[in-house]
Amino acid sequence: KDHEAAQRYFEEGLEIARRIDHPLEVAACLNNLGEVARQRGNLEAAQAHHRASRRLREEIGNRIGVTYSDNNLGDVLTAQGDFDAAYQHYRQAVRLALEVDAVPAAVYILAGVARWHAQRRDWEHAAHLLGAVQTSADARDVKDRIEALLKTLSAHVAAPQLQAWLERGAARSLKDWAESL
């Protein structure tokens, strides 16, 4: 990926959005700059951009945007090893996503929470959440996340145990899982 070109593009967009006083686009550009910074490994800049984007989205009442910002902050904080803070952002994100009936976003976020559990070597919880995500009609949007996590779990958990955990997770609704976080 051409991160430098993407960064220039989003910086130019941010300048224009600020000039025409379009806070929704300012927040979107800040979010995208945060993602570019995260992909480049500049986690401090990523966190700063995502926090600024979240603050602005909250100010203008963009609830779905706040959901994405919280999810992105969770990803950055996880990469930084701040698992507790990351978990709180994921928790807020998935609950708000379901509140605003953004089920595909909730599925995506829960797949991220499953990955978070796997990074902490909590295979059982990762499998439970993955089971719930897999059975959702909206799982097609997170197919790559699901496949990568299944590969990781399969390398650490015996197949019969993994299958049992996946089934246990699938038996609960996304809303139940979100409320249990």
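Residues numbered from 1 in each chain as written. Predicted model: local features only at pLDDT ≥ 70, side-chain atom pairs only at ≥ 80, totals over all residues. Heavy atoms only, no water.

## What about the confidence of the model for the protein?
Alright, step 1. On average, residues of the protein score 92 in pLDDT, and 97% of them reach the 70 mark or higher.
Alright, step 2. Put simply, helix H10 (residues 174–180) is where the protein has its lowest mean pLDDT, 85, and helix H3 (residues 43–59) is where it has its highest, 98. (pLDDT = per-residue confidence, 0-100. Helix = DSSP H or I, 4+ residues; strand = E, 2+ residues; numbered from the N terminus.)

## Concerning the side chain of Arg 145
Alright, step 1. Examined against the element boundaries, Arg 145 turns out to sit in helix H8 (residues 143–156).
Alright, step 2. Look at Arg 145 and you get buried, because its relative accessible area is 15%.
Alright, step 3. At 2.7 Å, the side chain of Arg 145 and the backbone oxygen of Tyr 108 are in polar contact.
Alright, step 4. Excluding anything up to four places from it in sequence, Arg 145 contacts Asp 75, Tyr 108, Ala 111, Gly 112 and Arg 115. (Buried < 20%, exposed > 50% of the residue type's maximum accessible area, 1.4 Å probe, protein only. Polar contact = N/O pair within 3.5 Å; in protein donor to acceptor, adjacent residues only side chain to side chain. Contact = heavy atoms within 4.5 Å.)

## Considering the pattern of salt bridges
Alright, step 1. Summed over the entire model, instances satisfying the criterion amount to 11 salt bridges.
Alright, step 2. Put simply, Lys 143 and Glu 147 hold a salt bridge, and the shortest N to O gap is 3.8 Å. Here Lys 143 pairs with Glu 147, and both are found in helix H8, just four residues apart, close to one helical turn.
Alright, step 3. For Glu 147, a relative accessible area of 42% corresponds to the partly exposed category.
Alright, step 4. A network of salt bridges, in which partner residues are shared, links Arg 54, Glu 58 and Asp 70. (Salt bridge = Lys/Arg side-chain N within 4 Å of Asp/Glu carboxyl O.)

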